Amino acid sequence: MKTKVLLVDDEEEFIETLAQRLELRDLSVTTVYSGESAIAMAEKIDFDVIILDIMMPEITGIDALKEIKKIKPLTPVLLLTGEATVENAIQGMKLGAFDFLMKPTDTELLIEKIAQANTLKQQHDDRIRQAEIENILKTRGW
Amino acid sequence: MENPNDKPAFLGRITASVTHDIQNVLAIIKETSGLMEDFFLMQKSGGLEDIEERLDKCIKTIKKQAYRGVNLTSGLNGFAHTADSSQAAINIFETLKRMIYIAERLFKQKGVDVSILECENHCSIITDPVFFQLIAFSCIECFIDNFETKAPITLEIQSSDNRMAIKFLYNDNMLTYEDYNQKIAQSPQWKKIINLCEQIRMTAEIAAEYPAILIFFK
């Protein structure tokens, strides 16, 4: 099954181009252009990885990250930043972001980070499934 | 009293915002050229039929972003040169138009559109160009930071035979005089605007009939 990625940035041409490149590398990509849409989309669909630009109008990437972590705490979020200073990215890491990358990104590095984040998500999901199965077996006395 | 940090802080803030925009321009160009590379590789392995159409779209994107980058760097360069002298003749309309263009990202971050009305009479003044732009920026920020409705802000240069002014209009018809007068007068930006105006022989007033700040040249 393809890795489901949500790509969020107010620079439409940037994410539409990046989305095409990621799709050519066999990822399934959904794009939205605001923090608000990202939160709504994360609520609706269970993504494997979310890539979030930090500097967006109104609801910033950091604010969107806080909300997404409330809705889907186990979904890894990769932050993108166009700033040379990393204060915002560090704040994001403290709020539970998986990692951050500087813009312009190195595509191969981004793919690598997506793969790492996806592996982590699958491990979490497996652990939860395993715990649920054990719980069912225990409560039914099997 | 002039705060020695006002000018560098303002120059730094605008520069950081524009360079962030330039990073975005470069990111788009980089991804688009990377996509062209992807298409070429696919073409070589025989898997792409409509390569001309795809490449044409990529070239248009790169051209558009190159123009955007040129406009941003030209704007930033012009803005940076306004710090060359503390007294210089400036074209009020052109200076404000450029400042609005390069600070657009900062305004959009707060969800507000800022524009300047075309002005037939291109007035010039001799002033401290950085202080002048800082006052204009502070007037815009005064509305952005103190009013939640995020209405568009329009700048207008008004000139008569003996007086010249800049009007910063906050386009929210629902605000009463009591609402906006109190909010502006009590804001920290207003004190700063008054103080900055005194430095360069200008005066600031809160308009009586509509939500606006008026800056007059003495």
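Chemist: Sorry if this is basic, but what is going on with the overall build of chain A here?
Modeler: In terms of regular secondary structure, chain A is built from 5 helices and 5 strands. Reading chain A from its N end, one meets helices and strands in the order β-α-β-α-β-α-β-α-β-α. A compact globule built from 142 residues would reach a C-alpha radius of gyration of about 14 Å, and chain A, at 16 Å, matches this within 12%. With respect to the principal axes defined by its C-alpha atoms, chain A has extents near 55 × 30 × 25 Å. In chain A, buried positions account for 44% of the 142 residues. Residue pairs in contact within chain A that sit at least 24 positions apart in sequence constitute 62% of those at least 6 positions apart. Total accessible area on chain A stands at roughly 7200 Å², and carbon and sulfur atoms take up 53% of it.

Chemist: Sorry, what's going on with the pattern of salt bridges here?
Modeler: Opposite charge on two side chains permits pairing when their charged atoms draw close. Residues and elements named next belong to chain A. For the structure on display, the rule yields 27 salt bridges over all chains. When the shortest N-O distance is used, the salt bridge between arginine 129 and aspartate 126 registers 2.7 Å. Taken as a pair, arginine 129 and aspartate 126 lie in helix H5 (residues 107–139) at a separation of 3 residues, close to a single helical turn. By relative accessible area, which is 45% here, arginine 129 ends up partly exposed.

Chemist: Help me understand the pairing of strand E7 (residues 212–217) of chain B in this model?
Modeler: Where a strand is regular, its side chains alternate between the two sheet faces. All names here are of chain B. Among the 6 residues of E7, 6 are classified as buried, and the element is accordingly described as predominantly covered. The two faces of E7 match: Ala212, Leu214 and Phe216 on one face and Ile213, Ile215 and Phe217 on the other face are all buried. Bridge count for strand E5 (residues 164–170) against E7 is 5 bridges, and the pairing is antiparallel. Bridging from a neighbouring strand, phenylalanine 168 pairs with isoleucine 213 of E7. Hairpin geometry of strand E6 (residues 202–206) and E7 is characterised by an intervening segment of 5 residues between the two adjacent antiparallel strands.

Chemist: Please clarify how the domain arrangement of chain B should be interpreted in this entry.
Modeler: A common measure of how large an interface is: the accessible area buried when the components associate. Residue and element names in this part refer to chain B. According to the domain assignment, chain B consists of domain 1 (6–81) and domain 2 (88–217). One C-alpha centre belongs to domain 1, the other to domain 2, and the line joining them spans 32 Å. With 18 residues of domain 1 in contact, the opposing surface of domain 2 contributes 15 residues. Sorting the residues of domain 1 by area buried against domain 2 places Lys7, Phe10 and Arg13 first, and these three jointly supply 37% of that buried surface. Ionic pairing is found between arginine 105 and aspartate 21, a salt bridge with its closest N-O pair at 3.3 Å. Counting only elements with at least two residues in the side of domain 1 that touches domain 2, the list comes to helix H1 (6–44) and helix H2 (51–81). Its residues placed into classes, the side of domain 1 that touches domain 2 shows 7 nonpolar, 6 polar and 5 charged.

Chemist: In this structure, what is going on with the packing of aromatic side chains? I would like to understand it.
Modeler: Residues and elements named next belong to chain B. Within this structure, the stated rule accounts for 8 aromatic pairs over all chains. Ring pairing ties together the aromatic residues Phe10, Phe79, Phe107 and Phe137, which thus form one cluster. Looking at lysine 7, its charged tip hangs above the ring of phenylalanine 131, at a distance of 5.3 Å from the centre. Over the face of the ring belonging to tyrosine 210 we find lysine 167, whose NZ or CZ atom lies 4.6 Å from the ring centre.

Chemist: Hey, could you run me through the interface of chain B and chain A in this one?
Modeler: Across the contact, 24 residues belong to chain B and 21 residues belong to chain A. A combined buried area of about 2000 Å² lies between chain B and chain A, and 51% of that area is made up of carbon and sulfur atoms. Together, His20(B), Glu31(B) and Gln109(B) form the three largest contributors to the area buried by chain B at its contact with chain A, with a combined 29%. Put simply, chain B and chain A have 6 salt bridges between them. The shortest N-O distance in the salt bridge between Arg68(B) and Glu11(A) comes to 2.7 Å. At the boundary of chain B and chain A, one finds 17 residue pairs in polar contact (both at pLDDT 80 or more).

Chemist: Would you mind going over the state of the cysteines with me for this structure?
Modeler: Residues and elements named next belong to chain B. Tallied over the entire structure, the rule returns 0 disulfides over all chains. Between cysteine 123, a cysteine without a disulfide, and cysteine 119, which holds the nearest cysteine sulfur, the sulfur-to-sulfur distance is 5.2 Å. Unpaired in terms of disulfides, cysteine 197 finds its nearest cysteine sulfur in cysteine 139, a separation of 6.6 Å.

About the cut-offs
Residues numbered from 1 in each chain as written. Chains lettered and ligands numbered in written order. Predicted model: local features only at pLDDT ≥ 70, side-chain atom pairs only at ≥ 80, totals over all residues. Heavy atoms only, no water. Helix = DSSP H or I, 4+ residues; strand = E, 2+ residues; numbered from the N terminus. Rg over C-alpha atoms; globule rule 2.2 N^0.38 Å. Buried < 20%, exposed > 50% of the residue type's maximum accessible area, 1.4 Å probe, protein only. Contact = heavy atoms within 4.5 Å. Areas by Shrake-Rupley, 256 points an atom, 1.4 Å probe, with all protein chains shown as cover. Salt bridge = Lys/Arg side-chain N within 4 Å of Asp/Glu carboxyl O. Pairing = 2+ DSSP bridges. Domains from an automatic or database assignment. Buried area = accessible area lost by both parts, 1.4 Å probe. Nonpolar A, V, L, I, M, F, W, Y, C, P; charged D, E, K, R; others polar. Phe/Tyr/Trp six-rings, centres within 6.5 Å; stacked < 30°, edge-to-face > 60°. Lys NZ or Arg CZ within 6 Å of the ring centre and 35° of its normal. Polar contact = N/O pair within 3.5 Å; in protein donor to acceptor, adjacent residues only side chain to side chain. Disulfide = S-S within 2.5 Å.

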